[in-house]
Amino acid sequence: MALHCPECGFVNTDGANYCQKCGAYLGDLQEPAAESSTATYRIDEAGELVPVELDDLVAQEGAALVVRAGGGRVGESFALDSERMTIGRRPESDVFLDDVTVSRDHALIVRRGGDLFLDDLGSLNGTYVNRRRIDSQLLEDGDELQVGKYKLTFLSR
């Protein structure tokens, strides 16, 4: 079944969540499918992968980023428990994404009031939220972030 974008009319492939031409959300146009999930992990002090339940992570920490695609790190999660968290290729980054498509200092997640915002730090390839390039964006539960070749999901409860 082809999906016609409600914004621009472009015919998208079956299963697309966003319009391939204008980026509009298509999720409401699709028939409900069986719920899929990705296993989520964190890295412990010894460098080992430890399984994490997303509901437990979000309940304890308030918000998290989960890697959904890119760099063989699918399922890795990052609790957003600081006032400021850096995202980049620099090893000291809070969210370290080691790939040339990611700038050393790519983006910043910052708490303003009670909300979390994603700010691009002048990265070469840009920072995207729900397939739209941003300079600064309020994050909402379920937002898809793209930093270089990595796709991450923002979870908050």
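All chains use their own residue numbering, which begins from 1 and follows the written sequence. Under the rules for a predicted model, residues below a pLDDT of 70 receive no local features and side-chain atom pairs below 80 are neither given nor counted, while totals for whole chains, interfaces and linings still include all residues. Water and hydrogen atoms play no part in the side-chain values, which are based on all heavy atoms of the structure.

Under the scheme used here, helices are H or I runs from DSSP no shorter than 4 residues and strands are E runs no shorter than 2 residues, and both carry numbers assigned from the N terminus. A count of helical and extended segments in the protein chain gives 1 helix and 15 strands. The buried share of the protein chain, reckoned over its 157 residues, is 40%. Accessible surface is estimated by sampling points in the Shrake-Rupley manner with a 1.4 Å probe; for residues, cover comes only from the protein chains shown. Summed over its atoms, the accessible surface of the protein chain is roughly 9100 Å², and 45% of this surface lies on carbon and sulfur atoms. Each residue is placed in one exposure class: buried if its accessible area under a 1.4 Å probe, protein chains only, is under 20% of its type's maximum, exposed if it is over 50%, and partly exposed if it falls in between.

Bringing the sheet that holds strand 8 (residues 95–96) into the picture now. The strand order across the open sheet built from 5 strands is 8-7-9-10-13, with neighbouring strands paired in mixed fashion. This sheet does not close on itself; its edge strands, each paired only once, are strand 8 and strand 13 (136–138). Strand pairing requires that DSSP identify at least two bridges connecting the strands. For strand 9 (residues 107–112) and strand 10 (residues 115–120), the ladder comprises 6 bridges, and the chain directions are antiparallel. Across the sheet, Arg112 pairs through a bridge with Asp115, a residue of strand 10.

Attention now goes to the packing of aromatic side chains. Planes of paired rings set the category: under 30 degrees apart is stacked, over 60 is edge-to-face and the rest tilted, where pairs are Phe, Tyr or Trp rings (Trp by its six-membered ring) whose centres lie within 6.5 Å. Tallying each qualifying case throughout the model produces 0 aromatic pairs. Our definition puts a charge over a ring when NZ of Lys or CZ of Arg is within 6 Å of the ring centre and also within 35 degrees of the ring normal. The positively charged end of Arg112 is found above the aromatic ring belonging to Phe117, 4.9 Å away from the centroid.

This part is about the pairing of strand 5 (residues 63–69). A large share of strand 5 lies buried, amounting to 5 of its 7 residues. Where strand 5 and strand 6 (residues 77–79) come together, 3 bridges link them in antiparallel fashion. Across the sheet, Leu65 pairs through a bridge with Phe78, a residue of strand 6.

Working definition of a nonpolar core: buried Ala, Val, Leu, Ile, Met, Phe, Trp, Tyr and Cys residues. They are joined through side-chain atoms within 4.5 Å. Residues Leu65, Leu80, Ile87, Ile109, Leu118, Leu145 and Phe154 are the most contacted members of the largest nonpolar core, which totals 22 residues. Elements with a minimum of two residues in this core: strand 5, strand 7 (84–88), strand 9, strand 10, strand 14 (144–147) and strand 15 (150–156). In this structure, Cys5, Ala16, Cys19 and Leu26 belong to the second largest nonpolar core, which totals 5 residues.

A separate point is the sheet that holds strand 6. Spatial strand order, 6-5-15-14-11-12: 6 strands in an open sheet with antiparallel pairing. Edge positions in the open sheet fall to strand 6 and strand 12 (132–134), since each of these has one partner strand only. With direction set aside, neighbouring strand axes in the sheet form an average angle of 30°. Note: strand 11 (residues 127–129) against strand 12, 3 bridges, orientation antiparallel. Counterpart to Val129 in the pairing with strand 12 is Arg132. In this analysis an axis means a line fitted to C-alpha atoms, helices contributing only their contacting stretch, and an angle means the value between N-to-C directions, from 0 to 180 degrees.

Take unusual backbone geometry next. One non-glycine residue, Asn130, lies in positive phi territory at about 50°. Relative to the helices and strands, Asn130 resides in the loop between strand 11 and strand 12. Unusually for a residue other than glycine, Arg131 sits at a positive phi of about 65°. Within the fold, Arg131 resides in the loop between strand 11 and strand 12. Here Arg131 falls in the partly exposed class, since its relative accessible area comes to 37%.

The topology assignment puts Ser77 in strand 6. Since its relative accessible area comes to 9%, Ser77 is described here as buried. For Ser77 and Leu152, which are 75 residues apart along the polypeptide, the C-alpha to C-alpha distance reads 9.0 Å.

The next thing to look at is the pattern of salt bridges. Throughout this description, the term salt bridge denotes a Lys or Arg side-chain nitrogen within 4 Å of a carboxyl oxygen of Asp or Glu. Within this structure, the stated rule accounts for 5 salt bridges. Residues Asp99 and Lys149 are paired through a salt bridge, measuring 3.2 Å at the closest nitrogen-oxygen approach. Linking Asp99 in the loop between strand 8 and strand 9 with Lys149 in the loop between strand 14 and strand 15, this pair joins segments that are 50 residues apart in sequence.

Keep in mind these numbers describe shape, not what the thing actually does.
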